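Summary of structural features
One-letter residues, chain by chain:
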Amino acid sequence: IIERNSEKLFQYALDKYNSARTEDDFRKAAERGSAEGGFWLGMCQLKGIGLSANPALGFQTLRRAASNGSGEACCYVGLCYTDGLGVKRDADLAFRFFRRGAELGSSNAMYQLGLLYNNGSEAVKKDATLTFDYAEKHFSDMLGSFIALS
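So, a few notes on the structure that sits alongside this text. In this text, all values refer to a predicted model and were calculated from it rather than measured experimentally. (Residues numbered from 1 in each chain as written. Predicted model: local features only at pLDDT ≥ 70, side-chain atom pairs only at ≥ 80, totals over all residues. Heavy atoms only, no water.)

Thoughts on the pattern of salt bridges
As enumerated under the stated definition, the model contains two salt bridges in all. In this structure, the salt-bridge partner of Asp-92 is Arg-96, at a minimum N-O distance of 2.8 Å. Separated by four residues within a single helix, Asp-92 and Arg-96 lie in helix α6 (residues 91-103), roughly one turn from each other. The exposure class of Asp-92 is partly exposed, given its relative accessible area of 32%. A salt bridge links Arg-100 to Glu-103; the nearest nitrogen and oxygen atoms lie 3.4 Å apart. With a gap of three residues between them, Arg-100 and Glu-103 both fall in helix α6, about one helical turn apart. Residue Arg-100 is classed as partly exposed on the basis of its relative accessible area of 40%. (Salt bridge = Lys/Arg side-chain N within 4 Å of Asp/Glu carboxyl O. Helix = DSSP H or I, 4+ residues; strand = E, 2+ residues; numbered from the N terminus. Buried < 20%, exposed > 50% of the residue type's maximum accessible area, 1.4 Å probe, protein only.)

Topic: the packing of helix α3 (residues 35-47) against helix α4 (residues 55-67)
Between α3 and α4, whose axes approach to 7 Å, the crossing angle comes to 165 degrees. Between α3 and α4, the interaxial angle falls into the category roughly antiparallel. Two packed elements cross with a definite hand, and for α3 against α4 that hand is left-handed. Residues Ala-35, Gly-38, Phe-39, Leu-41, Gly-42, Met-43, Gln-45 and Leu-46 of α3 touch α4, and the partners they reach there are Pro-55, Leu-57, Gly-58, Phe-59, Thr-61, Leu-62 and Ala-65. Looking at side-chain class alone, the contact of α3 with α4 contains ten nonpolar, five polar and no charged residues. (Axes fitted to C-alpha atoms, helices over the stretch in contact; angles between N-to-C directions. Parallel < 35°, antiparallel > 145°, perpendicular 65-115°, else oblique. Left-handed = near helix turned anticlockwise from the far one by under 90°. Contact = heavy atoms within 4.5 Å. Nonpolar A, V, L, I, M, F, W, Y, C, P; charged D, E, K, R; others polar.)

Notes on the side chain of Ser-70
Within the element layout of this structure, Ser-70 appears in the loop between α4 and α5 (71-83). A distance of 3.1 Å separates a polar atom in the side chain of Ser-70 from a polar atom in the side chain of Glu-36. For Ser-70, the contacting residues outside a window of four places in its chain are Ala-35, Glu-36, Phe-39, Ala-65 and Leu-104. (Polar contact = N/O pair within 3.5 Å; in protein donor to acceptor, adjacent residues only side chain to side chain.)

Here's what the structure looks like:
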């Protein structure tokens with residue numbers, strides 16, 4: 001029941017995204033256990049949407065949302081580790097969070113993994129096969145989302 005109510009609160013906040021109360025609504029959803037509410041709260045904090053930007057706090061909030069099962073939060077934690085946004089850069093942790101996000105179904109995390117395998121990094125060797133696999137998964141997911149919206 002708590003998870004269902006937190007997701008309803010998250011959806012309510014998302015529906016009124018441009019209002020002044022959005023950040024507060026995301027916070028309430030996150031406090032009630034919504035991983036996606038935590039993701040959106042973290043993004044507000046990270047980017048300064050509706051409040052002053054606080055990358056360190058945004059990173060912490062995204063990390064909690066990732067631990068609660070948000071694939072998108074995993075992707076953005078990986079990006080924080082990649083760019084050193086709110087946290088020290090760490091290529092290995094970035095890779096791990098991108099991989100976890102992809103396992104949870106985040107198309108954005110699949111895209112980031114494809115880039116890593118295409119370009120190589122401190123944590124990942126170039127791999128054309130894995131580049132193609134993740135690009136295919138990403139674009140297949142994006143196409144499916146597009147068709148669902150049609």
